[in-house]
Amino acid sequence: MRDDEPCQVGVMVLDDLTAQDLRQLEPLILKSASPWIAVGDASNMEDPEQRRIIAHLSHAMVPADTDILRLTILLEHAAELSRLQHIEREQHGLLVLDDEDAQEYEFVGTTPVMWQLFKTIRKVAAVDAPVFISGESGTGKELTAQAIHERSARAEHPFHAINCGALPEHLIQSELFGHEKGAFTGAQQRKIGRIEAANGGTLFLDEIGDLPLELQVNLLRFLETRFIQRVGGLQDVSVDVRILAATHVNLELAVEKGRFREDLYHRLNVLQVNVPALRDHSEDIEILARFFFERFSSEKASGLKGFSREALTVMQRYHWPGNVRELINRVRRAMVMCESRLIRPEDLGLERRGFNRHHMTLEEVREKAERDALLAALGRNHYRVNAAAKELDVSRVTIYRLLDKHDISRTPPEEVRFS
Ligand SMILES: Nc1ncnc2c1ncn2[C@@H]1O[C@H](COP(=O)(O)OP(=O)(O)OP(=O)(O)O)[C@@H](O)[C@H]1O
Ligand SMILES: [Mg+2]
């Protein structure tokens, strides 16, 4: 087994485990997403609840007196299965973070652009430089920041997010840097600012473009010296945090217009991650919609089973200006409002007509399908032409011809740029 892979197989010695113990272990085992082997005998199976849990959780069951050779073989088989499941999860875009609230941070995406994003996240998580995350509103910038933190060496330390646009101007200074007792009227005691509170961890500065110019100076000073001064304090406090920043506005333009300091821009912009708009990976819409349907299934009527074909088609064609956030809101509302078995376009607040202004010709449909299939196969196979050719059952020469025809580069897009 390779060192960089997580622990692969779990062994559960049933011995004196009661149904109650097993019930408590159940969520942990499910979360581990690895095959589990139960070691025990028939006496552990008398209680129906125990039987249900063991049957549900285990990949195999062996008696306690099994010889070591048999157990070793079984473990090897389970490890092989786990390795396969791991590859499957990675390639099909479910980036499950090893966090307490893993559910919260699940990233869904099965397309080459999302695969690229996951790869970039892993790369930038391995270093400690500032990262600048760009992307339209609702695309998953904060989720990306969390994912970087969770995969970084700072994962055990705090992750703090501050929306620089949401705080009133007079409060930002003390919110970010803290203040000393008596620093201003109402400052009855010392307050630790968000930068200091994130010590050891990661600070995510959301909507950094909205940070007032005078605070940009203070932030730059912190980034250069790694010291802060609380408002009303003279002491330099050393703080070790990694800065991630995001904005949905064009920061280069803000620099040109003099609204954002160029030196700060360059400090923050060492590594870049761009989160794609939903319409640029529209093949993910269906899987995302089903994912959120599951996530909010406790809020729906029991008769509601899923999405109608028309709803899926209409979602596919819609432009999604609010991206994944808008998709979540529409699906959630539809789940509450829907009165039939399947969600219809009108439950989503989307028109049945109006998306069809440009009808694609059959030739265009074919071309698009060919390009999409090619990109998806390349993505799944890490741009290895041989593997993609094998999967699509064509020759390497055909793949090269199609790459030229569709103007697709032979190497994966550059995901990390150092400035
Ligand atoms: N690929 C994805 N898979 C699963 N959930 C996602 C994905 N992308 C975004 N989300 C979810 O969509 C919502 C919006 O994401 P997030 O808050 O990260 O976006 P944002 O780019 O920071 O938005 P804004 O610009 O409005 O601040 C969150 O609930 C997030 O968990
Ligand atoms: Mg955000």
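Computed from a predicted model, the values in this text were never measured in an experiment. (Residues numbered from 1 in each chain as written. Chains lettered and ligands numbered in written order. Predicted model: local features only at pLDDT ≥ 70, side-chain atom pairs only at ≥ 80, totals over all residues. Heavy atoms only, no water.)

### Some thoughts on the packing of aromatic side chains
- Under the definition given, this model contains seven aromatic pairs.
- Here the aromatic rings of Tyr 318 and Trp 320 are separated by 4.7 Å at their centres, their planes lie at 85 degrees, and the arrangement is edge-to-face. Neither residue differs from the other here; Tyr 318 and Trp 320 are each classed as buried.
- Taken together, the ring pairs connect Phe 291, Phe 292 and Phe 296 into an aromatic cluster.
- Looking at Arg 226, its charged tip hangs above the ring of Phe 222, at a distance of 5.5 Å from the centre. (Phe/Tyr/Trp six-rings, centres within 6.5 Å; stacked < 30°, edge-to-face > 60°. Buried < 20%, exposed > 50% of the residue type's maximum accessible area, 1.4 Å probe, protein only. Lys NZ or Arg CZ within 6 Å of the ring centre and 35° of its normal.)

### With respect to helix 14 (residues 362-380)
- For helix 14, spanning 19 residues, the distance from its first C-alpha to its last is 27 Å, which sits close to the expected 27 Å at 1.5 Å a residue.
- For helix 14, the complete set of buried residues consists of Leu 374, Ala 376, Ala 377, Leu 378 and Gly 379.
- On its buried side, helix 14 packs onto helix 4 (112-125), helix 15 (385-392) and helix 16 (396-405).
- Just past helix 14, the residue His 382 takes up positive phi, approximately 55 degrees. (Helix = DSSP H or I, 4+ residues; strand = E, 2+ residues; numbered from the N terminus. Expected span 1.5 Å × (residues − 1). Contact = heavy atoms within 4.5 Å.)

### Brief notes about the packing of helix 14 against helix 16
- Put simply, helix 14 and helix 16 touch, their axes get as near as 11 Å, and they point 120 degrees apart. Between helix 14 and helix 16, the angle falls in the class oblique. Seen from above, helix 14 lies across helix 16 with left-handed handedness. Where helix 14 approaches helix 16, its residues Glu 367, Glu 370, Leu 374 and Leu 378 are matched on the opposing element by Ile 399, Leu 402, Leu 403 and Lys 405.
- Taken together, the residues of the contact of helix 14 with helix 16 break down into five nonpolar, no polar and three charged. (Axes fitted to C-alpha atoms, helices over the stretch in contact; angles between N-to-C directions. Parallel < 35°, antiparallel > 145°, perpendicular 65-115°, else oblique. Left-handed = near helix turned anticlockwise from the far one by under 90°. Nonpolar A, V, L, I, M, F, W, Y, C, P; charged D, E, K, R; others polar.)

### As for the pattern of salt bridges
- As enumerated under the stated definition, the model contains 20 salt bridges in all.
- Two residues, Glu 180 and Arg 190, come together in a salt bridge whose shortest N-O distance is 3.1 Å. Of this pair, Glu 180 sits in the loop between strand 6 (178-179) and strand 7 (191-192) while Arg 190 sits in the loop between strand 6 and strand 7, and the two are ten residues apart along the sequence.
- With relative accessibility at 48%, the residue Arg 190 sits in the partly exposed group.
- Through salt bridges with shared partners, a single network forms among Glu 180, Arg 190, Glu 196 and Arg 230. (Salt bridge = Lys/Arg side-chain N within 4 Å of Asp/Glu carboxyl O.)

### Quick notes on the site of ligand 1
- Near ligand 1 lie 17 residues; those nearest to it are Val 108, Gly 138, Lys 141, Leu 143 and Arg 325.
- In the environment of ligand 1, an oxygen atom lies 2.9 Å from a nitrogen or oxygen atom belonging to the backbone of Gly 138.
- A distance of 3.0 Å is found between an oxygen atom of ligand 1 and a backbone nitrogen or oxygen belonging to Glu 142.
- Calculation on ligand 1 without its partners gives an accessible area of 630 Å², and the protein chains cover 86% of this total. (Near = heavy atom within 4 Å. Polar contact = N/O pair within 3.5 Å; in protein donor to acceptor, adjacent residues only side chain to side chain. Areas by Shrake-Rupley, 256 points an atom, 1.4 Å probe, with all protein chains shown as cover.)

### Regarding the confidence of the model for the chain
- For the chain, per-residue confidence averages 83 on the pLDDT scale, and residues scoring 70 or more make up 85% of the total.
- Low confidence marks residues 414-419, where pLDDT is under 50. Its contacts with residues over four positions away, or in another chain, come to 17 contacts. (pLDDT = per-residue confidence, 0-100.)

### A few points about the sheet that holds strand 12 (residues 271-274)
- Strand order in this open sheet of five strands is 5-8-11-4-12, and the pairing throughout is parallel. Since the sheet does not close on itself, it has two edges, and those belong to strand 5 (159-163) and strand 12, each with one partner. When strand polarity is set aside, the average angle formed by the axes of neighbouring strands in this sheet is 20 degrees.
- Pairing of strand 4 (residues 131-134) with strand 11 (residues 242-247) involves four bridges; the strand directions are parallel. Each residue of the ladder has a partner; that of Val 131, found in strand 11, is Leu 244. (Pairing = 2+ DSSP bridges.)

### Observations regarding the pairing of strand 4
- Here four bridges tie strand 4 to strand 12, and the two strands are oriented parallel to one another. Looking at strand 12, one finds that Ile 133 is bridged to Val 273.

### Quick word on the sheet that holds strand 2 (residues 36-39)
- Spatially, 1-2-3 is the arrangement adopted by the three strands of the open sheet, whose pairing is parallel. Every other strand in the sheet has two partners, leaving strand 1 (10-13) and strand 3 (58-62) as the edge strands with one partner each. Pairs of neighbouring strands in the sheet enclose a mean axial angle of 25 degrees, with direction left out of account.
- Pairing of strand 1 with strand 2 involves four bridges; the strand directions are parallel.

### Structural notes on a nonpolar patch on the surface
- Nonpolar side chains collect at one region of the surface, where Ile 68, Leu 69 and Ile 73 lie side by side and expose about 320 Å² of accessible area between them.
- Among the secondary structure elements, Ile 73 is positioned in helix 3 (residues 68-91). (Patch = residues over 30% accessible without salt bridge, like charges linked within 9 Å, V, L, I, M, F, W, Y side chains within 5 Å.)

### Structural notes on unusual backbone geometry
- Of note in the backbone geometry, Tyr 383 takes a positive phi value of approximately 60 degrees without being a glycine.
- By the element assignment, Tyr 383 lies in the loop between helix 14 and helix 15.
- For Asp 393, which is not glycine, the phi torsion reads 60 degrees and is therefore positive.
- Its place among the elements puts Asp 393 in the loop between helix 15 and helix 16.
- For Asp 393, a relative accessible area of 69% puts it in the exposed group.

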